[in-house]
Amino acid sequence: VRFITKRFIGEYDHKKEMTYKCSRVVDQEAVDLEILDLTWKESSVASLESSIRWADGFLLLYSITQRFSFLEVPQLKTLIDQTKQNLVVPAVLVANKADLEIGRQVTTDEGQRLAKDLRCGFRELSVAEAVLAVEAAVLQLIRLVLDQQRPLPERRSYMLTVRHALTRKLTRSKTMQW
Ligand SMILES: Nc1nc2c(ncn2[C@@H]2O[C@H](COP(=O)(O)OP(=O)(O)OP(=O)(O)O)[C@@H](O)[C@H]2O)c(=O)[nH]1
């Protein structure tokens, strides 16, 4: 809602699944967006899997003031990876409520490490206070999705994944020789 309307709506019916539509120009490319906002804990597994299959990319949000919301992220990412069965799933981990420093329960470092483990982008921001940061997080995700829709050899994410896999393999065979 913050991305589309630029307004922060403090309280709304978060139990309802909502789809929002809008268009943006990203790197000179017109992009039609459909954004499904859901509280995954309140969805059935079947409906969650169907939403995951429908989506091209994922913004995974947790609150820096609620450690449990951070601890739930890996479970959700595992479900996404299993359902999508892609080498690379476009996803950005978003650590929200950065304005509530006093109630912080998750460090920025922990967020960054988790994003690396889960092969996601990472942003720490305040949806309430930083509309530009929200815009940047969504744009980062859109770019990851557009990248994935390019033919394989032109994909940055694919090339990086292959390079990392090769480096790991080479390092392992070198270690074995010694
Ligand atoms: N201070 C602060 N409050 C926020 C921020 N983002 C959301 N909130 C508040 O946090 C509460 C939950 O916000 P929601 O947008 O419903 O978040 P959600 O992830 O959908 O929450 P659940 O559906 O309850 O899991 C609301 O009271 C919001 O006003 C933020 O960046 N800073």
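Rules used in this analysis
- Residues numbered from 1 in each chain as written.
- Predicted model: local features only at pLDDT ≥ 70, side-chain atom pairs only at ≥ 80, totals over all residues.
- Heavy atoms only, no water.
- UniProt positions renumbered as here; feature names shortened; annotations may be inferred.
- Helix = DSSP H or I, 4+ residues; strand = E, 2+ residues; numbered from the N terminus.
- Buried < 20%, exposed > 50% of the residue type's maximum accessible area, 1.4 Å probe, protein only.
- Lys, Arg positive; Asp, Glu negative; His and termini not counted.
- Salt bridge = Lys/Arg side-chain N within 4 Å of Asp/Glu carboxyl O.
- Polar contact = N/O pair within 3.5 Å; in protein donor to acceptor, adjacent residues only side chain to side chain.
- Pairing = 2+ DSSP bridges.
- Axes fitted to C-alpha atoms, helices over the stretch in contact; angles between N-to-C directions.
- Contact = heavy atoms within 4.5 Å.
- Arc of directions from axis to C-beta.

As annotated in an unreviewed UniProt entry, the protein is small monomeric GTPase from Haplochromis burtoni. As recorded by UniProt, the Sequence similarities (unreviewed entry) comment attached to the protein reads in full: "Belongs to the small GTPase superfamily. Ras family." Annotation of the protein in UniProt includes, under Catalytic activity (unreviewed entry), the sentence "GTP + H2O = GDP + phosphate + H(+)".

A. Local environment of the side chain of Arg2. Within the secondary structure, Arg2 is located in helix 1 (residues 2-5). One buried charged residue, Arg2, forms no salt bridge at all, with the nearest opposite charge on Glu129 at 8.4 Å. A polar contact of 2.7 Å, which involves the side chain of Arg2, links it to the backbone oxygen of Lys6. In this structure the side chain of Arg2 is engaged in a polar contact, spanning 2.6 Å, whose partner is the backbone oxygen of Val127.

B. Layout of the sheet that holds strand 5 (residues 121-124). Read across the open sheet, the three strands follow the order 3-4-5; overall the sheet is parallel. With one partner strand each, in any of the chains shown, strand 3 (58-63) and strand 5 form the two edges of the open sheet. Adjacent strand axes in the sheet meet at a mean angle of 20° when their direction is disregarded. By the bridge criterion, six bridges tie strand 3 to strand 4 (residues 91-96) in an arrangement that is parallel. Residue pairing across strands places Leu60 opposite Leu93, the latter belonging to strand 4. With respect to the sheet, helix 5 (residues 108-117) is in contact with strand 3, strand 4 and strand 5, its orientation differing from that of strand 5 by roughly 160°.

C. Representation of unusual backbone geometry. One non-glycine residue, Asp27, lies in positive phi territory at about 50°. Mapping Asp27 onto the fold places it in the loop between strand 1 (18-26) and strand 2 (29-37). For Arg119, which is not glycine, the phi dihedral falls at a positive 55°.

D. View of the pairing of strand 4. Burial analysis of strand 4 places six of its six residues in the buried class, the great majority of the element. Residues Ala91, Leu93 and Ala95 of strand 4 are buried on one face, and the alternating residues Val92, Val94 and Asn96, pointing to the opposite face, are buried as well. Of the pairings in the sheet, the one linking strand 4 to strand 5 comprises four bridges and is parallel in character. Its bridge partner being in strand 5, Val94 is matched across the sheet by Arg123.

E. Region of interest: helix 5. When helix 5 is considered as a whole, its buried residues turn out to be Gly111, Leu114 and Ala115. End-on, the buried residues of helix 5 take up no more than an arc of 100°, which puts them together on one face. Exposed residues lying more than 90 degrees from the buried face of helix 5 are Arg113, Lys116 and Asp117. Note on helix 5: the residue one or two positions beyond its end, Arg119, has a positive phi of about 55°.

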